[in-house]
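# Summary of the model geometry
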Amino acid sequence: MFGECHAHLFMDGINYRGAVNDHKNGVNIARVREHLQAYRACKITYVRDGGDHFGVSLRARELAGEYGITYRTPVFAIHREGHYGRIVGKSAQTLQEVQMLVQEVRRSRGDFVKIMVSGIVEYSGFGILSEETLEKEWISEMIRIAHEEGFAVMVHANGADAVFAAVHAGADSIEHGNYIDRECMAAMAENGCVWVPTIVTTKNLIGCGRYDDDVLRQIYDMECENLSCAWEMGVPLALGSDAGAYMVPHGRGIIREYEIFSEVLSGVSKDELDRRLQAGEMQIRRVFAQPE
Ligand SMILES: [Zn+2]
């Protein structure tokens, strides 16, 4: 089975408030074990977390060995104060504070650095992100600082501007990457940057009643078209489901993501699909490991 290259163990895929209540007065070990068990039940042996601010992913890493899982975590994600990212990490007002947070990741023995450089997809209409992308300078400096400390960088980015700036600054992986263009894909292919599109987060919302299904389908179609285009262009790809996000269960999230890849790339043989996905995952496993 493939690894899960983007999960948030502190969330449960059902109710964000409830999950926060679970951990806010100390990590709820029973809940962590429940989620790790969900991965083991799906024969998933590798999980890369996207961070939280309760120390849940750190505890998960300590316990993961008991479940036969190699667990990697950035501890918390880093975002710019006043911008998206509060729910999964800590904020910095200045680039100097970014540096301090990166050093905190090192002290906490994080495996890599996760940064947030754009908003999230708004499901109220097509083509909408929750906020403006960070300035190019911030994006490149955040990545440079993390690299200088010896860390690989996982970048939460949506929109062509955010993704293009991040890839050019040397991002090691791009997460989500909605609304990108061919220029972004060419840059990812050229730089060997792994794209983890997390398409299941949209697909699983279709029919749930929270959003307009026509809008969801339009967004889903865009994601599928981009995946197909990225495949053609030779972009390194890996499976991540954003497990823990609304309607995305731990364990099964990645199985559904794989099914989406298979449907979208139906003209590709299973061997070829698996070979490329394994290569993308191997690259992530190799690069996103604790620096010396
Ligand atoms: Zn995430």
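Just above sits the structure.
Described below are features of the structure shown in this document.

Rules and cut-offs
Residues numbered from 1 in each chain as written. Predicted model: local features only at pLDDT ≥ 70, side-chain atom pairs only at ≥ 80, totals over all residues. Pairing = 2+ DSSP bridges. Helix = DSSP H or I, 4+ residues; strand = E, 2+ residues; numbered from the N terminus. Axes fitted to C-alpha atoms, helices over the stretch in contact; angles between N-to-C directions. Parallel < 35°, antiparallel > 145°, perpendicular 65-115°, else oblique. Left-handed = near helix turned anticlockwise from the far one by under 90°. Contact = placed C-beta atoms within 7 Å. Nonpolar A, V, L, I, M, F, W, Y, C, P; charged D, E, K, R; others polar. Right-handed = clockwise from strand over helix to strand, strands pointing away.

We now examine the sheet that holds strand β2 (residues 46-49). Pairing is parallel across the open sheet formed by 3 strands, whose spatial order is β1-β2-β3. For this open sheet the edge positions go to β1 (4-7) and β3 (70-72), each flanked by a neighbour on one side alone. Strand-to-strand twist of the sheet, defined as the mean angle between neighbouring strand axes without regard to direction, takes the value 20°. Looking at chain direction, β2 and β3 are connected through 3 bridges and run parallel. Residue pairing in the sheet places Val-47 in a bridge with Tyr-71 of β3.

Before going further, it helps to spend a moment on the sheet that holds strand β9 (residues 194-196). The strand order across the open sheet built from 6 strands is β5-β4-β6-β7-β8-β9, with neighbouring strands paired in parallel fashion. Here the strands that pair on one side only, and so sit at the sheet edges, are β5 (89-92) and β9. Pairwise comparison of adjacent strand axes, ignoring direction, gives a mean angle of 25° for this sheet. The sheet contact formed by strand β8 (residues 173-176) and β9 spans 3 bridges and is parallel. Note that in β9 the partner of Glu-175 across the bridge is Val-196.

Right, let's get into the packing of helix α6 (residues 160-168) against helix α7 (residues 182-191). Where α6 contacts α7, the two axes come as close as 9 Å, and the packing angle between them is 20°. Compared by their axis directions, α6 and α7 come out roughly parallel. Remark: the crossing between α6 and α7 carries left-handed chirality. The segment α6 lies against α7, with Ala-160, Val-163, Phe-164, Val-167 and His-168 engaging Glu-183, Cys-184, Ala-187, Met-188 and Asn-191. Looking at the contact of α6 with α7 residue by residue, the classes come out as 7 nonpolar, 2 polar and 1 charged.

In terms of strand pairing, β1 meets β2 through 2 bridges, oriented parallel. Looking at β2, one finds that Ala-7 is bridged to Asp-49. Tracing the backbone out of β2, into helix α3 (residues 56-64) and back to the parallel element β3 gives a crossover that is right-handed.

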